[in-house]
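Report on the structure
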Amino acid sequence: MKPARLSERVIGKVSDFGPLFDYTVKLVLLASFLELVLYRLLSRLGMHLSKMAATHPWITPTFTALTEVGAWLLNIVAVLLLLALTLTMVNRWGGSDNSRLVKLGIIGTALLLVLTLGFLVVPPGMLGAIVYNGLTLLVLTVFVSDYVMTHREPAQRALAVTYFLGMSGWLYYQIVSSTYSLMGTIVQPPLVYESHRMGEALMVLASFCAFLAYGKSKSLSLRTKNRQQRNRAIWFWAVTGATFTTLLVIDYLLDRIAPGFASGFRQASQGIGWIFQFGMGYTFYLPFALYVGGLLCWSYTVVKLVTMGRLAGYGLGLMFIAGYALLFSNLTLMVVLGVMLLACDRVKVATAEALSTSAGPIMPASDGLMTGRA
């Protein structure tokens with residue numbers, strides 16, 4: 001008896017759903033990244049450099065042009081998101097392994113698209129914002145639950161849970177604040193400040209979990225028996241640890257050695273935090289090294305998965321490019337699309353059946369062999 005062999009293969013790659021879906025998802029990721037850099041970050045940087053514009057005349061026209069390009073990209077991203085979400089919903093609805101939970105999430109996503117298009121005609125008030133954010137929270141809950149049930153690795157489940165709780169902190173902040181404003185009360189909503197800060201911390205933690213779930217490889221493992229890979233891993237983790245530790249203590253050392261330079265360094269870090277606060281919703285209240293480490297882990301993981309053609313890379317890219325503060329509807333749709341793409345990427349275990357043969361030199365008879373002949 002030959003033993004059956006188990007083989008694992010990744011299903012749900014970006015090229016498995018046809019060229020239209022393939023190019024649409026790739027364009028969404030590229031356009032979203034350019035919109036983040038040119039519109040949400042550089043435009044805020046231009047506002048921050050208003051004092052320098054008095055002495056450098058080129059600053060104002062340069063950043064004005066970049067802002068106009070970013071606003072143009074914002075509309076392009078919105079159109080591509082609508083197309084990508086429609087294609088993703090159609091492909092997921094027609095899948096053979098879809099459960100009722102997934103179909104419920106697809107219906108919620110369709111309602112979210114309808115609300116988004118409706119709010120373009122009729123601006124949403126407080127009630128519309130509450131319904132929109134509440135529906136977004138419900139859709140994310142459904143798809144994250146499906147991800148947790150279909151992915152067994154603890155690191156992947158930790159990624160999904162931490163990201164969901166982090167994004168829930170922002171959605172809770174928006175829903176409760178809008179509800180109290182609609183009621184016209186002046187009482188401070190409960191736990192909105194704490195949920196907002198905790199959500200940001202969990203988003204940073206999720207970027208580290210992304211590396212643990214999808215970014216780590218044998219070439220960076222210290223347990224490998226290959227001496228060259230082990231030396232490479234030692235150098236990588238040593239440099240990473242030294243850089244991370246240096247960033248943690250640099251403010252203290254600068255304050256002791258050069259207080260004037262330390263003050264300028266703090267002002268520069270506050271300016272970076274100000275830009276990211278308005279661009280992506282991060283307030284930078286945590287140590288700066290945590291944000292840098294999370295950015296490196298996320299970017300390495302996304303580049304690795306995208307080069308492999310895996311949907312998880314495009315999903316993680318969109319989830320974190322959207323940022324923490326979902327101030328625009330396209331950012332909300334970006335998060336939903338990213339979670340859907342992440343849930344589509346999974347490992348399927350296939351069993352190869354082996355033929356059963358009895359012991360002994362037995363030759364099977366051919367079709368043309370006459371048996372039982374006298």
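Look up a bit, the structure's there.
Residues numbered from 1 in each chain as written. Predicted model: local features only at pLDDT ≥ 70, side-chain atom pairs only at ≥ 80, totals over all residues. Heavy atoms only, no water.

1. Remarks on the overall build of the protein
- In terms of regular secondary structure, the protein is built from 11 helices and 2 strands.
- Written out in order from the N terminus, the α and β elements of the protein read β-α-α-α-α-α-α-α-α-α-α-α-β.
- Scored against the burial criterion, the 374 residues of the protein give a buried share of 40%.
- Residue pairs in contact within the protein that sit at least 24 positions apart in sequence constitute 74% of those at least 6 positions apart.
- Accessible surface computed for the protein: about 21300 Å², of which carbon and sulfur atoms make up 68%. (Helix = DSSP H or I, 4+ residues; strand = E, 2+ residues; numbered from the N terminus. Buried < 20%, exposed > 50% of the residue type's maximum accessible area, 1.4 Å probe, protein only. Contact = heavy atoms within 4.5 Å. Areas by Shrake-Rupley, 256 points an atom, 1.4 Å probe, with all protein chains shown as cover.)

2. Thoughts on a nonpolar patch on the surface
- A cluster of nonpolar side chains, namely L27, L30, F33 and L34, defines an oily patch on the protein surface of about 360 Å² accessible area.
- In this structure, L34 sits in helix α1 (residues 19–48). (Patch = residues over 30% accessible without salt bridge, like charges linked within 9 Å, V, L, I, M, F, W, Y side chains within 5 Å. Salt bridge = Lys/Arg side-chain N within 4 Å of Asp/Glu carboxyl O.)

3. Details of the nonpolar core
- Within the largest apolar cluster, 72 residues are counted, with the highest numbers of intra-cluster contacts made by L159, Y163, Y214 and L316.
- A per-element tally of this core places helix α11 (residues 329–344) first, with 12 residues.
- Ignoring anything within four residues of it in the chain, the contact list for Y163 reads M203, A206, M319, F320, V335 and V339. (Core = buried A, V, L, I, M, F, W, Y, C linked by side-chain atoms within 4.5 Å.)

4. Thoughts on empty space enclosed by the protein
- For the structure on display, the rule yields 2 cavities of 30 Å³ or more.
- Put simply, the largest cavity is a space of about 50 Å³.
- Surrounding the largest cavity, V144, Y147, A160, Y163, F164, M319, V339 and L342 form its lining.
- Those elements that provide at least two residues to the lining of the largest cavity are α4 (126–150), α5 (154–183) and α11.
- No other element matches the 3 residues that α5 contributes to the lining of the largest cavity.
- Here the residues of the lining of the largest cavity sort into 8 nonpolar, no polar and no charged. (1 Å grid on protein atoms, 1.4 Å probe; cavity = no way out; pocket = protein on both sides within 12 Å on 5 of 7 lines; lining within 4 Å. Points joined across faces, edges and corners; volume = space filled by probe spheres on them. Nonpolar A, V, L, I, M, F, W, Y, C, P; charged D, E, K, R; others polar.)

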